[in-house]
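# Overview (structure and organization)
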Amino acid sequence: MTTASEPTLPVDALGVVGDALARADETMDLASRHLDPSLVDVLHILGFDTSYRSAQGSYLHDADGRAYLDFHTGEGFASLGHNHPGVREVLHATLDAGLVDGVQLHYSPLAGMLAQELSQRLPAGLDAVFFASTGAEAVDSAMKFARAATGRPRLISCDSSFHGVTLGPLSLVGDEFFKEGFGPLLPGCARVPFGDLDRLEAELRAGDVAAFIVEPIQGREVTLPPAGYLHAAQELCRRHGTLFVADEVQTGLGRTGRWFALEHWGLEPDFVLVGKALSGGYMPVAAMVTRREIYQKAVGTLERCYVHQSTFGRNRLSMAAGLATLRILERDGLVAHAAHMNTVLTDGLAELQGRYDMIKEIRGSGLMIGIELQPRARAWPG
Ligand SMILES: Cc1ncc(COP(=O)(O)O)c(C=O)c1O
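Residues numbered from 1 in each chain as written. Predicted model: local features only at pLDDT ≥ 70, side-chain atom pairs only at ≥ 80, totals over all residues. Heavy atoms only, no water.

- By the naming in an unreviewed UniProt entry, the chain is Aspartate aminotransferase family protein, taken from Baekduia soli.
- The record held by UniProt for the chain lists under Sequence similarities (unreviewed entry) the comment "Belongs to the class-III pyridoxal-phosphate-dependent aminotransferase family." (UniProt positions renumbered as here; feature names shortened; annotations may be inferred.)

This is the structure in structure tokens:
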């Protein structure tokens, strides 16, 4: 007999889940041997080498039943919390329905529904969607579509930005550390300081820039844009015929206290990129959303309609997870909740900052919050 505190452990005839549960103690050893031993070392050094047995909501649990509050959430991957029961139910139902999948020369209603529901939450006109499996793939799609739609070669991004690590997005990333050893990267990519409109305009004036790609709030160090910057950058792009791309892979879907961070500044980008939280914490899924006219210019002919695609892009479980995520965010008022929790958290953190001089700055929006630390001032005797 089981009680509420003793859930029935899942089993499968092939023993996959049973083996994973039984071999939990081997996790780090397996990772060292077959995945990345350096990352295992880093986890040991940081003390992040806990073998978690389960996860629920905002908490991870180890074998001794200790709970760990997860402030990281995979940078927004688990925005709904871990193992959300609502998403799980939809995934089970999707599998049980035996829907058609993976045919490729085919569309499922789920993909169209998710595209429609995403568009409805974005500024008018952003109604053409390409689904991918990762944020990097969504960024890469926007890079290609912008070039094809404008006939221009160059792409501009910002210093300290992050857009993913496959070769296309890596060419935009604003930190040389990620690039070492992987060059040569894509030609035609250049960077400007985040917040510097003069440098941006100097690049755009050449008239050969297809797109300016920017995170509304930079995720690496939770850097907020200077007042008026994003709107002015969008205007400069319009004036110079450059497409304006908001990379909301990390800031999207409620994280900053609005459905999309672009709402804080009334932006109307030509592309919005979404990922991470769309997964519901389960399925790889990302989206490039753009205007129909841009989409058609890039690939919209009978001959070229299949030149840009992705095997797993519209798979039923990813589409279902995305739909479940949007509906749960809406039903449970989680976007307003993120805005409210910002006040609760930053008030508490400000109180801590008064007590600990190692806290240099607290910044963020909604539940995308960074705490910058500094070396503690040493109190010298006498
Ligand atoms: C703003 C931004 N864009 C793109 C990506 C890449 O997403 P993925 O890791 O799913 O490829 C990330 C990942 O952290 C990101 O923060």
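## A closer look at the pattern of salt bridges
- Scanning the model with the defined rule gives 22 salt bridges in all.
- One salt bridge connects E203 with R154, and the closest N-O pair in it is separated by 2.6 Å. Of the two residues, E203 sits in helix α9 (residues 197-204) while R154 sits in strand β5 (residues 154-158), which places them 49 residues apart along the sequence. For the pair E203 and R154, a shared accessibility class is recorded, and that class is buried.
- Close ionic contact of R355 with E351 constitutes a salt bridge, the shortest N to O distance being 3.1 Å. One end of the pair is R355 and the other is E351, both in helix α13 (residues 334-355) and four residues apart, which spans about a single turn.
- Since its relative accessible area comes to 46%, E351 is described here as partly exposed.
- The network of salt bridges with common partners includes K360, E361, R363 and E372. (Salt bridge = Lys/Arg side-chain N within 4 Å of Asp/Glu carboxyl O. Helix = DSSP H or I, 4+ residues; strand = E, 2+ residues; numbered from the N terminus. Buried < 20%, exposed > 50% of the residue type's maximum accessible area, 1.4 Å probe, protein only.)

## Points about the sheet that holds strand β6 (residues 189-192)
- Ordered by their spatial adjacency, seven strands build an open sheet running β4-β10-β9-β8-β7-β5-β6, and the pairing between neighbours is mixed. The open sheet has two edge strands with one neighbour each: β4 (126-132) and β6. Each strand axis lies, on average, 20 degrees off the axis of its neighbour in the sheet, ignoring direction.
- Note that strand β9 (residues 271-274) and strand β10 (residues 286-291) share four bridges and pair antiparallel. Within the sheet, the bridge partner assigned to L273 lies in β10 and is M288.
- Taken strand by strand, helix α10 (residues 229-239) contacts β5, β7 (209-214), β8 (243-247) and β10, and its axis lies near 145 degrees from that of β8. (Pairing = 2+ DSSP bridges. Axes fitted to C-alpha atoms, helices over the stretch in contact; angles between N-to-C directions. Contact = heavy atoms within 4.5 Å.)

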